[in-house]
Amino acid sequence: QLQLVESGGGSVQAGGSLRLSCVASGNTHNFWTYCMAWYRQAPGKERERVATIDTDGGIRYADSVKGRFSISRDNAKMALYLQMNSLNPDDTAMYYCASKRNFGSVQVCYTETYPYWGQGTQVTVSQ
C-alpha cells in the first residue's frame, strides 16, 4: 500500500540539469524497507531502468546515465530524488518512480518486478 508522486520534470536545453523528486505516501513509516528505482520510457523505445537504490543505500546506474545522473533517497522525508546533469536529447522520456518491498536480500531490488509506480513526469531535452 504505497502511492508515489513524481515531480520536477520539464523542458531544458542540452547540457542543462533537472532534479526529479518522488514523494511516497501510505505505508511510509517503513519507507526504508522499500527498494526504489527510476525508470524512463521514450515513445517507440523499450522501458529502461536508469537507477536503483536499495534498502542498504546501495546504488546501481544504467550505463547510459552513469556519471551524469545521481539517485538518492531521504527516508525521513519519504522521498526519492534523481539529479540529472549534462542532459542530452537521448534523455527525453517520461520518468517514473518505482518501488517494491524488500523482505530479504538487497538483490531483490535489482530484479525487474516492481509493483508500485508513480504516474510519471515528462523530461524533454532540446538541442
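Before reading on, note that the structure itself is shown above.
Residues numbered from 1 in each chain as written. Predicted model: local features only at pLDDT ≥ 70, side-chain atom pairs only at ≥ 80, totals over all residues. Heavy atoms only, no water.

### Remarks on the pattern of salt bridges
Part 1 of the reasoning: Enumeration according to the criterion identifies 5 salt bridges in this entry.
Part 2 of the reasoning: Close ionic contact of Arg40 with Glu48 constitutes a salt bridge, the shortest N to O distance being 2.9 Å.
Part 3 of the reasoning: A relative accessible area of 25% means that Glu48 is categorised as partly exposed. (Salt bridge = Lys/Arg side-chain N within 4 Å of Asp/Glu carboxyl O. Buried < 20%, exposed > 50% of the residue type's maximum accessible area, 1.4 Å probe, protein only.)

### What to know about the environment of Thr111
Part 1 of the reasoning: By the element assignment, Thr111 lies in the loop between strand 9 (93-101) and strand 10 (116-117).
Part 2 of the reasoning: Distance from Thr111 to Glu48, taken between C-alpha atoms, is 13 Å for residues 63 residues apart in sequence.
Part 3 of the reasoning: Residues within four places of Thr111 in sequence aside, it is in contact with Tyr39, Arg49 and Lys100.
Part 4 of the reasoning: A polar atom in the side chain of Thr111 sits 3.0 Å from the backbone oxygen of Val108. (Helix = DSSP H or I, 4+ residues; strand = E, 2+ residues; numbered from the N terminus. Contact = heavy atoms within 4.5 Å. Polar contact = N/O pair within 3.5 Å; in protein donor to acceptor, adjacent residues only side chain to side chain.)

### A look at the pairing of strand 4 (residues 34-41)
Part 1 of the reasoning: Counted residue by residue, strand 4 has 7 buried out of 8 residues, so it is predominantly covered.
Part 2 of the reasoning: Here 8 bridges tie strand 4 to strand 9, and the two strands are oriented antiparallel to one another. Within strand 9, the position partnered with Tyr34 by the bridge is Arg101.
Part 3 of the reasoning: With 5 bridges joining them, strand 4 and strand 5 (residues 48-53) adopt antiparallel strand pairing. Each residue of the ladder has a partner; that of Met36, found in strand 5, is Ile53.
Part 4 of the reasoning: The antiparallel pairing of strand 4 with strand 5 creates a hairpin that spans 6 residues between the two strands, and Gly44 there sits at a positive phi of about 75°. (Pairing = 2+ DSSP bridges.)

### A closer look at the side chain of Thr121
Part 1 of the reasoning: Take Thr121: it is sitting in strand 11 (residues 121-126).
Part 2 of the reasoning: On the accessibility criterion, Thr121 (9% relative accessible area) is buried.
Part 3 of the reasoning: The residues touching Thr121, leaving out its near neighbours within four places in the chain, are Glu6, Ser7, Gly8, Gly9, Leu20, Ala93, Met94 and Tyr95.

### Examining the side chain of Arg40
Part 1 of the reasoning: Along the chain, Arg40 falls in strand 4.
Part 2 of the reasoning: With relative accessibility at 7%, the residue Arg40 sits in the buried group.
Part 3 of the reasoning: Looking at Arg40, its side chain comes within polar contact range of the side chain of Tyr95, at 2.9 Å.
Part 4 of the reasoning: With sequence-adjacent residues up to four places away left out, Arg40 is seen in contact with Glu46, Arg47, Glu48, Val50, Ser64, Val65, Phe69, Asp90, Asp91, Ala93, Met94 and Tyr95.

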